[in-house]
Amino acid sequence: MTLRIDEASLKTIRDHGGREYPSECCGILLGHADGGQKVVREVVPLRNLRHDPQRAEELLPLADPGRESERNRFLIDPREQLRVEKDARARQLDVLGYYHSHPDHPAQPSRYDQEHAWPWYSYVILSVEQGTARDLNSWVLAEDRSHFDRQSVEVDEL
Ligand SMILES: [Zn+2]
């Protein structure tokens, strides 16, 4: 399934990644899925809850807090997630997936990403090197959760 996204939405993701560097940014992709493609209508930048270690730890404890932080982990606040989903439904939009950045790492899913992903959804990963947004790839977890498949991304000019 192809992910279609317009240039403005792409810019929102890139700008967010650059702004949050050296931390990971994250957000939600909203739109429609039909006819073998997902069409992004809106991207919603969210706060990386790992900036609030105490609350994040209550929700999803880190396996290795010494090596994990907001610099290599992101967490979306479930309350924010619900708010965005509800608001999207009211406007007939679906959650198509999520995006996050990899500061000074390739735009490929980590093992952690694989363990915390769900099939079907698109996981857009943006590599940010020294504060500059670079490669962007979209990934979909296989139904058996064994691996991610890279998804083609088509950019619509406005
Ligand atoms: Zn990641």
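Residues numbered from 1 in each chain as written. Predicted model: local features only at pLDDT ≥ 70, side-chain atom pairs only at ≥ 80, totals over all residues. Heavy atoms only, no water.

## Regarding the coordination of the zinc ion
Okay, so step 1: Every protein donor of the zinc ion is listed here as H100 (NE2), H102 (NE2), D113 (OD) and D113 (OD), and their distances to the metal cover 2.0 to 2.6 Å.
Okay, so step 2: Between the four donor atoms coordinating the zinc ion, the angles at the centre fall across 56 to 157°, so the site counts as irregular.
Okay, so step 3: Mapped onto the polypeptide sequence, the residues donating to the zinc ion form the spacing pattern H-x1-H-x10-D. With a gap of 13 residues between them, H100 in strand β4 (residues 94-103) and D113 in helix α4 (residues 111-115) connect regions that are remote in the sequence. Summarising the burial analysis for this pair, H100 and D113 share the class buried. (Donors = N, O, S within 2.8 Å, 3.2 Å for Na, K, Ca; no water. Tetrahedral: all angles 85-135°; square planar, octahedral: opposite > 155°, others 65-115°. Helix = DSSP H or I, 4+ residues; strand = E, 2+ residues; numbered from the N terminus. Buried < 20%, exposed > 50% of the residue type's maximum accessible area, 1.4 Å probe, protein only.)

## Considerations on the pattern of salt bridges
Okay, so step 1: Tallying each qualifying case throughout the model produces eleven salt bridges.
Okay, so step 2: For the salt bridge of R67 with D64, the shortest nitrogen-to-oxygen distance reads 3.3 Å.
Okay, so step 3: According to the relative accessible area criterion, R67 is exposed, its value standing at 66%.
Okay, so step 4: Between R91 and D87 there is a salt bridge, and its shortest N-O distance comes to 2.9 Å.
Okay, so step 5: Residue R91 is classed as partly exposed on the basis of its relative accessible area of 35%.
Okay, so step 6: Overall, the relative accessible area of 40% leaves D87 in the partly exposed class.
Okay, so step 7: Several salt bridges converge on common partners, so that one network encompasses R4, E154 and D156. (Salt bridge = Lys/Arg side-chain N within 4 Å of Asp/Glu carboxyl O.)

## Let's talk about the sheet that holds strand β1 (residues 2-6)
Okay, so step 1: On the basis of which strands lie adjacent, the open sheet formed by eight strands has the order β7-β6-β5-β4-β2-β3-β1-β8 and mixed pairing. Two strands close off the open sheet at either side, each with one partner strand: β7 (148-151) and β8 (153-156). Adjacent strand axes in the sheet meet at a mean angle of 35° when their direction is disregarded.
Okay, so step 2: In terms of strand pairing, β1 meets strand β3 (residues 37-46) through three bridges, oriented parallel. Bridging across to β3, L3 finds its partner in K38.
Okay, so step 3: Those strands touched by helix α1 (residues 7-20) are β1, β2 (26-34), β3, β4, β5 (122-129), β6 (132-141) and β8, and its axis lies near 85° from that of β1. (Pairing = 2+ DSSP bridges. Axes fitted to C-alpha atoms, helices over the stretch in contact; angles between N-to-C directions. Contact = heavy atoms within 4.5 Å.)

## Regarding the packing of aromatic side chains
Okay, so step 1: Across all of its chains, the model carries four aromatic pairs by this definition.
Okay, so step 2: Relative to F148, the ring of Y123 lies with its centre 6.0 Å away and its plane at 75°, an arrangement referred to as edge-to-face. Placement of the pair is Y123 in strand β5 and F148 in strand β7, with a sequence separation of 25 residues.
Okay, so step 3: Since its relative accessible area comes to 14%, F148 is described here as buried. (Phe/Tyr/Trp six-rings, centres within 6.5 Å; stacked < 30°, edge-to-face > 60°.)

## Focus: unusual backbone geometry
A negative phi holds for most residues other than glycine; trans holds for most peptide bonds.
Okay, so step 1: Each neighbour pair has its own omega, and for Y21 with P22 the value is 5°, a cis peptide bond.
Okay, so step 2: Here P22 lies in the loop between α1 and β2.
Okay, so step 3: Even without a glycine there, the phi angle at R145 is positive, about 65°.
Okay, so step 4: Position of R145 relative to the elements: it lies in the loop between β6 and β7.

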